[in-house]
Amino acid sequence: MSEPFVGEIKIVGFPFAPRNFMTCAGQLLPIRQYTALFAILGTNFGGDGVNTFALPDFQASTPIGAGQGPSLTMRSVGESAGQAAVTLIQSEIPMHVHTLTGATLNPANPDQNVGTPANNTMFGASAPGFAYSDATAPIGNMSPLAVAPTGGNQPHENRQPFLALNFVIAVQGIFPSRN
């Protein structure tokens, strides 16, 4: 393997950082011990810029390039965004309805006269009896639990599919020229 540039980031498929590399886990480093790396990174990823600076933190993150693509938001080096889990609130869910339809089928659909109808059946009849009745009965209110929002305010996974790999950064090597 050729000598890396100071600050060069590589993706590795093993759980350790090779010699002259450190994992990109957001750790603070002393400037006086890593002056060349600080000259490359500055405080883009954290630190006070006097005594310490931070390495990038790629734990549970997806790297993207800095800049702005067509019709996309501008992204700066070191910018962090997004959430691993999200709890949706009612205003974030698109307006939609769940229409309940039913009918008496003529001829009768035998697929409907079962305890658990198939996906393509219409609500209308089920075993052991009919779901609707012509008999006059006092009208009752439907349970609020039958039509209420659900989810229990629990967050759901919000990450794209992923493969766990490690990001490492060269802390020693060739200092890159700026031209």
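Under the annotation held in an unreviewed UniProt entry, the protein chain carries the name Tail fiber protein and is attributed to Sphingomonas qomolangmaensis.

## Details of the sheet that holds strand β7 (residues 166-170)
Spatially, the three strands line up as an open sheet ordered β1-β7-β2, and their pairing is antiparallel. One side of each edge strand has no neighbouring strand; the edge strands of this open sheet are β1 (9-12) and β2 (21-23). Neighbour-to-neighbour, the strand axes of this sheet turn through a mean angle of 35°, independent of strand direction. Looking at chain direction, β2 and β7 are connected through three bridges and run antiparallel. Bridge pairing in β7 links Thr23 to Val168.

## Section: the nonpolar core
Counting 12 residues, the largest nonpolar core is built from Val6, Cys24, Leu29, Ile31, Tyr34, Leu37, Leu41, Phe53, Leu55, Phe167, Ile169 and Val171. Going through the elements one at a time, α1 (35-41) and β7 are the ones with two or more residues in this core. For Leu37, the contacting residues outside a window of four places in its chain are Val6, Gly7, Leu29, Phe53, Leu55, Ile169, Ala170 and Val171.

## Quick look at the pattern of salt bridges
Taken as a whole and assessed by the stated rule, the structure comprises three salt bridges. Measuring nitrogen to oxygen at the nearest pair gives 3.0 Å for the salt bridge that ties Arg75 to Glu79. Overall, Arg75 belongs to the partly exposed group, its relative accessible area being 29%. For the salt bridge of Arg159 with Glu157, the shortest nitrogen-to-oxygen distance reads 2.6 Å. Residue classification places Glu157 among the partly exposed positions, given a relative accessible area of 47%.

Conventions and cut-offs
Residues numbered from 1 in each chain as written. Predicted model: local features only at pLDDT ≥ 70, side-chain atom pairs only at ≥ 80, totals over all residues. Heavy atoms only, no water. Pairing = 2+ DSSP bridges. Helix = DSSP H or I, 4+ residues; strand = E, 2+ residues; numbered from the N terminus. Axes fitted to C-alpha atoms, helices over the stretch in contact; angles between N-to-C directions. Core = buried A, V, L, I, M, F, W, Y, C linked by side-chain atoms within 4.5 Å. Buried < 20%, exposed > 50% of the residue type's maximum accessible area, 1.4 Å probe, protein only. Contact = heavy atoms within 4.5 Å. Salt bridge = Lys/Arg side-chain N within 4 Å of Asp/Glu carboxyl O.

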